[in-house]
Amino acid sequence: MKLNRIYGFMLSALMLSACTAQTPVQDTAAETTAETDTTVDVLSLEAEKTEAPVISDTFSDESFNAEKRGTVILRYTEDDAAADKGALRIFNRNNSWDGAQYNADKFRGNELEAEGSFRSTNPNVRISIQYTVNDNTTYNTIATVNTKEASYSKGSGKYIVPKNAENIIVYVESDNLEDIYIDDFSVRVCGEYTYYPEAVATEFVDTSNYPSLKEEYKDYFRIGTATSPNLLKKEPYAELIKAQYNSMTMGNSFKPDSILDHNKSVRDIEKYMYSPAVKFDAVKTELDFARDNGLTVRGHTLVWYSQTPEWLFYKNYDIGGELADRETMLARMENYIKNVMEWTEENYPGLVRAWDVVNEAADDGGGMRKSLWYKTIGEDYIEQAFMFARKYAPEDTKLFYNDYNSYQTRKQNDIITFLRPVAEAGNIDGIGMQSHINVNINITQYMTALQKYYDELGLEINVTELDVCRGKGDNWQKEQGDYFKRFMSELIELRKKGLPITSVTLWGISDTDSWIASDYPLIFNDDLSRKPAFDGMIEAVNSQE
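None of these values were measured; they are calculated from a predicted model. (Residues numbered from 1 in each chain as written. Predicted model: local features only at pLDDT ≥ 70, side-chain atom pairs only at ≥ 80, totals over all residues. Heavy atoms only, no water.)

Enquirer: Even after reading the chapter, I still don't get the sheet that holds strand S10 (residues 136-146), so can you show me in this structure?
Expert: Neighbouring strands of a sheet are bound in pairs by backbone hydrogen bonds; such pairs are parallel or else antiparallel. Taken together, 5 strands build an open sheet; the order of strands is S4-S7-S12-S9-S10 and the sheet is antiparallel. Either end of the sheet is taken by a strand with one partner, and the two such strands are strand S4 (67-69) and S10. Strand-to-strand, the axes of this sheet are offset by a mean angle of 30 degrees, without reference to chain direction. Here strand S9 (residues 124-133) runs beside S10; their pairing, made up of 10 bridges, is antiparallel. Bridging across to S10, Ile 129 finds its partner in Asn 140. (Pairing = 2+ DSSP bridges. Helix = DSSP H or I, 4+ residues; strand = E, 2+ residues; numbered from the N terminus. Axes fitted to C-alpha atoms, helices over the stretch in contact; angles between N-to-C directions.)

Listed below in structure tokens is the structure:
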């Protein structure tokens, strides 16, 4: 990391109006099929300081700037559906994040706008951004474009890149692994451009005098945060977590794509056909931290349509073949749940108090999401997952269903419908309310939804992934702080009335390491200074009689 210096000349960096069309310098490479370094735009040092950077690929011929991401092959192809009859084909994809990428370090500290036209048999294609801050790498979505097989769909989005970010990459990806075609792609600066040649060092504040959330809320519910291994290695973060929280959720390490071992599974198909190989290297840092510092863990997540490698659902784990049958997938599901739960309990007994058994199974358009779990097993896959989880979970471990927008009436009704048989069988303990919300969400509607889950299903409530996106006004910090105060006050009131709300988890520590960093949704700034959102949480509990 080059975060140990602050470059004085940054303070006098030249400002330039941007979001205007500029002419990029193109590579001459006809095809990118190997891991070679290419330059997005070739500018002199002086030009870098005065001109806003532009990434632009029209894919009108065999010259393009895109670099491969992952296992893919990138190739210019003639395409009658494209505006200029040419496109970039992305194929040989083996992971959701495999795609095309561009170095975007020159956009550091600025707001960018990314735009592209795509076609694919995948239901959608994402424009995403990856960067590292304080040794922690984050992956955020800039825009999601719904795609069609025969024609191109255009989409765009904006994103504010932190000044302390490095290794910045803008890329194209999709959850499904079918080919992606790009007609045009561009990234431009919006507003005034400031040149930052290096990441600005983060000067962390002293947090030792902050009131402790876990102590303030000890009479009501546990207070948790989402973590990553690299953040825990930074002393300011580690000390803040130990002081503020008594629960933690791994942001990515416990997800199937971090645990399932493709290479080992395919090396011995006969052995692993019905019980895919697993590895637990990714989870040990965080589990060790929790164990050594008195935090409990929420296991997130076992059965999910996303961040579960697609090969799991195919015969012989070969995505070029046929989908596996119901019996095979039931066996794989059971053995995966068994292996994860038994390894965790054997190596970290009593540490994981709750599991998100099934995550995001409700479709935004209504009903159950038609995921590969659904397609291979059937609409009872949720019941099956909870049955297996109950079979292998330690006796005092709670089993949860977790979802976003689960306070919305139609989605809530769908969730209640497909969880009712699970509850009647005694295989579920609680509802996880992800709670990725904003200051305009009606708090009364949200609290009414919590009560309904309890009334209809008799389930415990966890707020599992709380963040509150800022408003657009100049006074957004106070507005966000007031919202946090009202939200937490209402949760406490429901708890005092007997609703079993047992845990509230914030989805990240500081705004910079949030998955939606440009919306500033958390309670600490990137230097770990407290925001009005933190003060709002403290005021909410201190105002109780």
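Enquirer: Quick question: what am I supposed to make of the packing of helix H14 (residues 476-496) against helix H15 (residues 532-542) here?
Expert: Think of two packed helices as two axes; the pair is described by the angle between the axes and how far apart they sit. Taken N-terminus to C-terminus, the directions of H14 and H15 make an angle of 30 degrees; their axes are 7 Å apart at the nearest point. Between H14 and H15, the interaxial angle falls into the category roughly parallel. Taken as a pair, H14 and H15 cross one another with a handedness that is right-handed. Two secondary-structure elements touch here, H14 through Gln 477, Lys 478, Gln 480, Gly 481, Phe 484, Lys 485, Met 488, Ser 489 and Ile 492 and H15 through Pro 532, Ala 533, Gly 536, Met 537, Glu 539, Ala 540 and Val 541. (Parallel < 35°, antiparallel > 145°, perpendicular 65-115°, else oblique. Left-handed = near helix turned anticlockwise from the far one by under 90°. Contact = heavy atoms within 4.5 Å.)

Enquirer: Is there a simple way to explain the nonpolar core in this structure?
Expert: Across soluble globular proteins, you tend to see nonpolar side chains buried next to one another. Counting residues in hydrophobic clusters, the biggest one holds 107 residues, and the most contacted among them are Tyr 401 and Leu 419. Looking at which element gives the most residues to this core, the answer is helix H9 (residues 326-347), with 8 residues. Formed by 39 residues, the second largest nonpolar core is a distinct cluster that contains Phe 59, Ala 66, Tyr 76 and Ala 114. (Core = buried A, V, L, I, M, F, W, Y, C linked by side-chain atoms within 4.5 Å. Buried < 20%, exposed > 50% of the residue type's maximum accessible area, 1.4 Å probe, protein only.)

Enquirer: Would you mind going over the side chain of Gln 244 with me for this structure?
Expert: Within the secondary structure, Gln 244 sits in helix H4 (residues 235-244). A distance of 2.9 Å separates a polar side-chain atom of Gln 244 from the backbone nitrogen of Leu 213. Leave out the neighbours within four places in its chain, and Gln 244 touches Tyr 210, Pro 211, Ser 212, Leu 213, Lys 214, Ile 223, Phe 524 and Phe 534. (Polar contact = N/O pair within 3.5 Å; in protein donor to acceptor, adjacent residues only side chain to side chain.)

Enquirer: Teacher, can you tell me more about the pairing of strand S6 (residues 86-91) here?
Expert: Regular strands show a simple pattern: their side chains alternate between the two faces of the sheet. Burial within S6 is extensive, with 5 of its 6 residues counted as buried. Pairing between strand S5 (residues 73-78) and S6: 6 bridges, direction antiparallel. Pairing of Thr 77 across the sheet is with Ala 87, part of S6. Of the pairings in the sheet, the one linking S6 to strand S13 (residues 180-190) comprises 3 bridges and is antiparallel in character. Across the sheet, the residue bridging to Leu 88 is Ile 182, located in S13.

Enquirer: Even after reading the chapter, I still don't get unusual backbone geometry, so can you show me in this structure?
Expert: Leaving glycine aside, a negative phi is the common case for residues, and trans is the common case for peptide bonds. For the peptide bond that leads from His 300 to Thr 301, omega is 5 degrees, which places it in the cis range. Relative to the elements of secondary structure, Thr 301 occurs in strand S17 (residues 296-304). A positive phi angle is found at Glu 360, which is not glycine, with a value near 55 degrees. When you line up the elements, Glu 360 lands in the loop between strand S18 (352-359) and helix H10 (372-377). The class of Glu 360 is buried, set by a relative accessible area of 9%. Despite not being glycine, Asn 405 has its phi angle at roughly 50 degrees, a positive value. Following the sequence through the fold, Asn 405 ends up in the loop between strand S19 (398-403) and helix H12 (409-424). What makes Asn 405 partly exposed here is its relative accessible area of 23%.

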